[in-house]
Amino acid sequence: MESKVLEHSKASEVFNKDKERVGWHDETLWFVRSKRDKAAHNIPDWELLRSTASSIKHNVLSNMHDYLVEFEKNALANGVHVHWAADAEEHNKIVHGIIAKHGVTRMVKSKSMLTEECHLNDYLSKNGVEVIDTDLGERIVQLRDEPPSHIVLPAIHLKKEDVGETFHIHLGTEKGNKDPQYLTEAARHHLRETFLTRKIALTGVNFAVAQTGEFVVCTNEGNADMGAHLADVHIACMGFEKLIPRREHLGVFLRLLARSATGQPITTYSSHFKKPREGQEMHIVIVDNGRSTQLAREDFRNSLKCIRCGACMNTCPVYRRSGGHSYHNAVAGPIGSILAPNLDMRKNADLPFASTLCGSCSNVCPVKIDIHDQLYKWRQVIVKEGYATTSKKLGMGAMTFTLSNPAIYQTGGKVGRWFMRNVPFVVNNGLNPWFKNREMPEPPKESFREWYLNNKKS
Amino acid sequence: MRVGLFIPCYVDQFYPQIGVATLELLEKLGCEVHFPLNQTCCGQPMANSGFEHLTGGCNSLFIDNFEGFDYIVCPSGSCTLHIKEHLHEEKREEKASTIRKRVYELTEFLTDVLKVENLEANFPHRVGLHQSCHGQRGLKLAQMSELNAPFFSKPEQLLKQVKQLDLVSLSRKDECCGFGGTFCVTEEAISVRMGQDRVKDHEDKNVEFITGGDMSCLMHLEGILRRQQSPVKVIHIAEILNSQIK
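Residues numbered from 1 in each chain as written. Chains lettered and ligands numbered in written order. Predicted model: local features only at pLDDT ≥ 70, side-chain atom pairs only at ≥ 80, totals over all residues.

**As for the overall build of chain B**
Here comes step 1: Within chain B, the secondary structure is distributed over 13 helices and eight strands.
Here comes step 2: Taken over C-alpha atoms, the radius of gyration comes to 17 Å for chain B, in line with the 18 Å a tight globule of 246 residues would show.
Here comes step 3: Along the three orthogonal principal directions, the C-alpha set of chain B runs to about 55 × 40 × 40 Å.
Here comes step 4: Taking all 246 residues of chain B together, the buried fraction comes to 60%.
Here comes step 5: Sequence separation of at least 24 residues holds for 77% of the intrachain contacts in chain B that already meet a minimum separation of 6. (Helix = DSSP H or I, 4+ residues; strand = E, 2+ residues; numbered from the N terminus. Rg over C-alpha atoms; globule rule 2.2 N^0.38 Å. Buried ≥ 20, exposed ≤ 12 C-beta atoms within 10 Å, placed from the backbone. Contact = placed C-beta atoms within 7 Å.)

**A look at the nonpolar core**
Here comes step 1: Phe215 and Met238 of chain A together with Ile72 and Val73 of chain B are the most contacted members of the largest nonpolar core, which has 175 residues in total.
Here comes step 2: A total of seven residues in this core trace back to one element, the largest contributor, which is helix α12 (residues 215-227) of chain B.
Here comes step 3: Of all hydrophobic cores here, the second largest spans twelve residues; its members include Val141, Ile156, Leu183 and Ala186 of chain A. (Core = buried A, V, L, I, M, F, W, Y, C linked by C-beta atoms within 7 Å.)

**Focus: the domain arrangement of chain A**
Reports of interface size often rely on the accessible area that becomes lost once the parts have come together.
All names here are of chain A.
Here comes step 1: We note that the domain assignment places domain 1 (43-289), domain 2 (303-384) and domain 3 (391-455) within chain A.
Here comes step 2: A C-alpha centroid distance of 22 Å is found between domain 1 and domain 2.
Here comes step 3: In this assembly, 22 residues from domain 1 lie in contact with 18 residues from domain 2.
Here comes step 4: Those elements giving two or more residues to the side of domain 1 that touches domain 2 turn out to be α3 (46-62), α6 (113-117) and α12 (250-261).
Here comes step 5: Each residue belonging to the side of domain 1 that touches domain 2 can be placed in one class, and the counts come to eleven nonpolar, six polar and five charged. (Domains from an automatic or database assignment. Nonpolar A, V, L, I, M, F, W, Y, C, P; charged D, E, K, R; others polar.)

**Focus on the packing of α3 of chain A against α12 of chain A**
Residue and element names in this part refer to chain A.
Here comes step 1: Packing of α3 against α12 brings their axes to within 10 Å, and their N-to-C directions diverge by 120 degrees. With respect to each other, α3 and α12 are oriented oblique. The way α3 lies across α12 gives a crossing that is left-handed. Residue-level contacts link Leu49, Arg50, Thr52, Ala53 and Ile56 of α3 to Val252, Phe253, Arg255 and Leu256 of α12.
Here comes step 2: Of the residues belonging to the contact of α3 with α12, the class tally is six nonpolar, one polar and two charged. (Axes fitted to C-alpha atoms, helices over the stretch in contact; angles between N-to-C directions. Parallel < 35°, antiparallel > 145°, perpendicular 65-115°, else oblique. Left-handed = near helix turned anticlockwise from the far one by under 90°.)

**Remarks on the confidence of the model for chain B**
Here comes step 1: The predicted model of chain B has a mean per-residue pLDDT of 96, with 99% of residues at 70 or higher.
Here comes step 2: ipTM for the predicted complex: 0.96, alongside a pTM of 0.96. (pLDDT = per-residue confidence, 0-100.)

**Examining the domain arrangement of chain B**
Residues and elements named next belong to chain B.
Here comes step 1: Taken domain by domain, chain B comprises domain 1 (2-113) and domain 2 (126-241).
Here comes step 2: Measuring from the centre of the C-alpha atoms in domain 1 to the corresponding centre in domain 2 gives 22 Å.
Here comes step 3: Listed per partner, the contact involves 24 residues of domain 1 and 21 residues of domain 2.
Here comes step 4: Counting residues per element, the ones that place at least two in the side of domain 1 that touches domain 2 are α1 (9-14), α2 (16-28), α3 (44-48), α5 (77-86) and α7 (106-113).

**Some remarks on the interface of chain A and chain B**
Here comes step 1: Taken together, the contacts link 56 residues of chain A with 56 residues of chain B.
Here comes step 2: For the side of chain A that touches chain B, the element with the most residues is helix α18 (residues 371-384) of chain A, which contributes five residues.
Here comes step 3: Residue classes in the side of chain A that touches chain B are distributed as 29 nonpolar, 16 polar and eleven charged.

**What to know about the packing of helix α9 (residues 160-171) of chain A against helix α10 (residues 180-197) of chain A**
Residue and element names in this part refer to chain A.
Here comes step 1: Running from amino to carboxyl end, α9 crosses α10 at an angle of 35 degrees, the nearest separation of the two axes being 10 Å. The crossing of α9 and α10 is left-handed. Contacts from Lys160, Val163, Gly164, Phe167 and Leu171 in α9 reach Pro180, Leu183, Ala186 and His190 in α10.
Here comes step 2: Residues of the contact of α9 with α10, tallied by class, amount to six nonpolar, two polar and one charged.

**Topic: the sheet that holds strand β6 (residues 166-167) of chain B**
Residues and elements named next belong to chain B.
Here comes step 1: The strand order β6-β5-β7-β8 describes an open sheet built from four strands, whose pairing is parallel. Edge positions in the sheet fall to β6 and β8 (233-236), since each has one partner strand and no second.
Here comes step 2: Sheet analysis places strand β7 (residues 209-212) next to β8, joined by four bridges and oriented parallel. The residue of β8 that forms the bridge with Ile210 is Val234.
Here comes step 3: Sheet strands touched by α12: β5 (126-130), β7 and β8. Its angle to β8, the strand with the most contacts, is close to 165 degrees. (Pairing = 2+ DSSP bridges.)

**Examining α5 of chain B**
Here comes step 1: Counting buried residues along α5 of chain B, seven of its ten residues qualify, which places the element largely inside the surrounding structure.
Here comes step 2: Those residues of α5 of chain B lying buried are Gly77, Ser78, Cys79, Thr80, Leu81, His82 and Ile83 of chain B.

**Quick notes on the pairing of strand β10 (residues 281-287) of chain A**
Residue and element names in this part refer to chain A.
Here comes step 1: Burial within β10 is extensive, with six of its seven residues counted as buried.
Here comes step 2: Pairing of strand β1 (residues 81-85) with β10, which is carried by five bridges, proceeds in the parallel orientation. Among the inter-strand pairings, Trp84 is bridged to a residue of β10, identified as Ile286.
Here comes step 3: Two strands pair when backbone bridges link them, and strand β7 (residues 233-239) and β10 are joined in this way by seven bridges, in the parallel orientation. Looking at the pairing, Ile235 lines up with His283 of β10.

**Examining the sheet that holds strand β2 (residues 32-34) of chain B**
Residue and element names in this part refer to chain B.
Here comes step 1: With parallel pairing, the four strands of this open sheet are ordered in space as β2-β1-β3-β4. Both outer strands of the open sheet, β2 and β4 (103-105), are each paired with one neighbouring strand and no more. Averaged over all pairs of adjacent strands, the angle between their axes in this sheet comes to 35 degrees, without regard to strand direction.
Here comes step 2: In the sheet, strand β1 (residues 2-5) pairs with strand β3 (residues 71-74) via three bridges, with the strands oriented parallel. Bridging across to β3, Leu5 finds its partner in Val73.

**Considering unusual backbone geometry**
Here comes step 1: Phi at Arg308 of chain A is positive, roughly 60 degrees, even though this residue is not glycine.
Here comes step 2: Considering the arrangement of structural elements, one finds Arg308 of chain A in the loop between α13 (291-296) and α14 (311-315).
Here comes step 3: Residue Arg308 of chain A is classed as partly exposed on the basis of its C-beta count, with 18 C-beta atoms lying within 10 Å.
Here comes step 4: In the Ramachandran plot, Lys140 of chain B falls in the positive-phi region, its phi being about 60 degrees despite a non-glycine side chain.
Here comes step 5: If you trace the backbone, Lys140 of chain B turns up in the loop between α8 (133-138) and α9 (154-159).
Here comes step 6: Given 13 C-beta atoms within 10 Å, Lys140 of chain B falls into the partly exposed group.

**Some points on the environment of Val5 of chain A**
All names here are of chain A.
Here comes step 1: Mapped onto the elements of the fold, Val5 is located in the segment before α1 (8-15).
Here comes step 2: Judged by local crowding, Val5 falls into the partly exposed class, with 14 C-beta atoms found within 10 Å.
Here comes step 3: Sequence-distant contacts of Val5, that is, excluding residues within four places in its chain, are made with His328 and Lys347.

**Things to note about helix α5 (residues 88-101) of chain A**
All names here are of chain A.
Here comes step 1: In a regular helix each residue adds 1.5 Å, so 14 residues correspond to 20 Å; α5 covers 20 Å between its end C-alpha atoms and thus fits that length.
Here comes step 2: Turning to α5, its buried residues are Ala88, His91, Asn92, Ile94, Val95, Ile98 and Ile99. Summarising the axial view, the buried residues of α5 lie within an arc of 160 degrees, below the 170-degree limit, and thus occupy one face. Away from the buried face of α5 by more than 90 degrees, exposed residues Gly97 and Lys101 are located.
Here comes step 3: Immediately downstream of α5, the backbone of Gly103 shows phi near 60 degrees, a positive value. (Expected span 1.5 Å × (residues − 1). Arc of directions from axis to C-beta.)

**Examining the environment of Asn220 of chain A**
All names here are of chain A.
Here comes step 1: Here Asn220 shows up in the loop between β6 (214-219) and α11 (223-230).
Here comes step 2: What makes Asn220 partly exposed here is the crowd of 17 C-beta atoms within 10 Å.
Here comes step 3: When near neighbours in sequence (up to four residues on either side) are disregarded, Asn220 contacts Thr267 and Thr268.

In structure tokens:
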């Protein structure tokens, strides 16, 4: 599968063939961004809240070891099993180990981007375990055998017609029926049966409180609760950066999360899990998977402050017009583009370049990650590590030579403009990507420097 | 006040009239303006492509050309931001640091240093302002729509002084146009689509001109407008501010 991965620019070209759909995708996400603006602008202390959240996470990143130890100690005292996974493979093995111990072959899972990052569904299905995603959007993309295209809105790339067709094929709904009420009802019945018969439920974690050993899961559908409360075994998987020091800090993050994500004041459910109920087994799997490496990269460690709200995707003019799948990574968009090179620099070398560096992402980020500056810095790292193409290296070398030598620049400019005026087809052709959909500037006879010498310099 | 005029390479080569307008405008406002003849480029095209390590030559040239001026003024937010953030030279770091502090984008120089409150300009047209990202979010030339903070806009403050100019308000007032330096060719499909969407926002408001502080963005939008045979034209803000001031 990985050998077929299209670079971001190529995948975007394919996505952009359907112009109307691109317009729809852009407007849909812009609508979410606008809702976020309204919510954020209604809180007088919004910018203070962002700085506070950023500082709290700064403290967490600087004291990661101590908070992890504290969290484990408190979770164990609460009767929770705590597991540590160095990478995706170990995470998947741990989860499968718990499932196998209970002799179960079917389970429910609510939204967890970490398990997407670790490709848990694939691993479990290869080991004979059927996973049903219970978040509606996740379930839709799972039925279509697609990854989520957005961390908060997994099926945002699909129109209701697409969902109608998917449900018709997989859940036997009426062909051509795209009524959201009807389709949601169908999904509800299908999932209700599943919830009642599954013994194991897996959830993600939004915040893990070191002080108390509890964790908080935020959903709008209540599916995490439904799964966890009905199952005998609850497995919660978290990247270690989900930690916050104390319970009182939740007030800061819960106010920011949903407003940034969808413009809601708070998610419908903010469920606190602290200890297993009588007869239940509760597990927490704490995952590294490259996070320690990122923590050690001074320029990029702030990316671990991310609370996965997706605001940077909704505001990103590139994401809105290229779709989440063009980023070929579990986390798409600007934040994905600064996280992914840490996981696999060769495979993700294109992502930091999939941006105009407009900076809107950094401005909406509720924990003030300097996303666009990190994109710039990743570009430097990727080129230095040797992942630039030969043609790009040659082009940049030639440009550097010209721009470092005033005489060559002046003559080169003059010659170039002469060619553009007199033999325009040297640039106005199919080999010039600018010219495909844009006219070239009309070259003047005189550069500004020449004008200055003729008119000003006496 | 000795001002060094910093003209971006693509403006020098393709849009000399912007250099002329900037020079004339600054002179009318009482500055002693010099154009150092051996300037080339700030180095941003290489740096944004991941080749900042190749910009040493450009940095040295920049210091050679611009040391000693009271101010350095440039009709581009993007090139100004690059110098402010990335101009370094190991052996002349102090000089580099002085230049980084003295370099100004044209509109912020007019509002913050010259404190221009009355322009004698006249431009009887319906105009849309394209707020380029590096100027806005990098140099903070205008408030950003993402933030919960009071409105201000240095370019608008100046355009409001231009007689008979009808400034429209856009539905997305600070969305990127998709130029993005080498992005405009390496991510051609997205770049063009972003540009087309920006153009449409202005066309929906029936503008005659799209103006802005960065000709690079405007060059991209102009390429799209001309391909679509649109009657809408682009014009750099220096040309508007300098119109009929003579």
